[in-house]
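Chain by chain, the residues:
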Amino acid sequence: AVLGLLNRAAGARSGKVVGATETPPATFSYAGFLKGQQGTQTAAAASQPSPTATTPVPSPTSTSEPTPVPPTATLVPDTATPVPPTNTPRPPTSTPVPPTETSVLPTPTRRPPTPTPIPPTPTPVPLAVIYGVQVDNAEFGKGTISFENRDPPWIGIPGAQYVGEIGFLSNPEAMAEIQRVWSHRVYGGGNWRVLVVVRKQVGWVSCPASQATCAEDKVDGTQVIITHEVYMQPDVWASLLNDFLRGGLSATTQNPHYEDVQRMIFESYCSVVPEKPCIGFGFKQAK
């Protein structure tokens, strides 16, 4: 059949048509078919021009949108649910471990400081009037100065009568001041003493009514005694009594006549006057 087709094609080229009365082709042979087929292919290949080597043209770059790349899936690890740790009880250690002995220095016992003894505050002694003091006569011993109110004056105020006396103040300051003024004038030759005699009235020429206070001395060297007589005008006694009734014994030391009284008592036999209050006055209501 193939050979027939080929023959018809060749007759067409030559203008000769094979009629139906021509001799039929020979019987088909497979080996001849293969040979004919090979020749046909060889003839066809010879009739074709030699192929010219062509430079391979690169494929044009596609301007179309790039092929989408599927996103890479990010692997998110599963969030682990926190599991509280299980407290596994540990069995107690059977072997006791002795504690490490740390050497501790003994703390010295602090003794409280010994309190400094505070001398007790002396209780103030109420001021009083005394009628004699002891004075120092150096190598001759101890003498005295004492008062004698033989005939004390009477002082009248509305509704009452008082008896006045003179003496010394009892406080230590007065005692020290009396010794000071006594030591200012030293009487030698014996252990001297003084007796102060308070008079209610006197007739001394040396004591006029205008003089507030008066004094006279009598010295006895044999008995080593000085008798010292004193006198005060009634108005001085009345002034001192008023101060005493108003403010007590201390108030009398502020009286305007007080310095004159101290001079009357000490100046004649001591030659000096005390700088501190030493003289006191006692008043008793008459019955």
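Residues numbered from 1 in each chain as written. Predicted model: local features only at pLDDT ≥ 70, side-chain atom pairs only at ≥ 80, totals over all residues. Heavy atoms only, no water.

### Let's talk about the overall build of the chain
- Scanning the chain from terminus to terminus reveals 6 helices and 9 strands.
- By sequence separation, contacts in the chain at least 24 residues apart represent 69% of the contacts at least 6 residues apart. (Helix = DSSP H or I, 4+ residues; strand = E, 2+ residues; numbered from the N terminus. Contact = heavy atoms within 4.5 Å.)

### Concerning the environment of V219
- Position of V219 among the secondary structure elements: in strand 7 (residues 213–220).
- The spatial distance from the C-alpha of V219 to the C-alpha of Y269 is 9.7 Å, given a sequence separation of 50 residues.
- Beyond its immediate chain neighbours, meaning those up to four positions away, V219 contacts W192, I225 and I226.

### Considerations on helix 3 (residues 172–184)
- Under the 1.5 Å per step criterion, the end-to-end length of helix 3 is 19 Å for 13 residues, consistent within 8% with the ideal 18 Å.
- Burial in helix 3 covers these residues: A174, E177, I178, V181 and W182. Along the long axis of helix 3, the arc covered by the buried residues comes to 135°, so they all point the same way. The exposed residues of helix 3 that point more than 90 degrees off its buried face are P172 and A176. (Expected span 1.5 Å × (residues − 1). Buried < 20%, exposed > 50% of the residue type's maximum accessible area, 1.4 Å probe, protein only. Arc of directions from axis to C-beta.)

### What about the confidence of the model for the chain?
- Taken over all residues, the pLDDT of the chain has a mean of 78, while the share at 70 or more is 60%.
- The least confident element of the chain is helix 1 (residues 2–14), whose mean pLDDT is 52; the most confident is strand 1 (residues 129–130), at 97.
- Low confidence marks residues 14–23, where pLDDT is under 50. Its contacts with residues over four positions away, or in another chain, come to 2 contacts.
- Note on residues 51–64: pLDDT under 50 across the span, and 0 contacts to partners over four residues away in sequence or across chains. (pLDDT = per-residue confidence, 0-100.)

### Let's talk about the nonpolar core
- Among the nonpolar cores identified, the biggest contains 39 residues, and I145, F266, Y269 and I279 are the most heavily contacted of them.
- If near-sequence neighbours (up to four positions away) are discounted, F266 is found in contact with F168, I178, V181, S271, V272, P274, C278 and I279. (Core = buried A, V, L, I, M, F, W, Y, C linked by side-chain atoms within 4.5 Å.)

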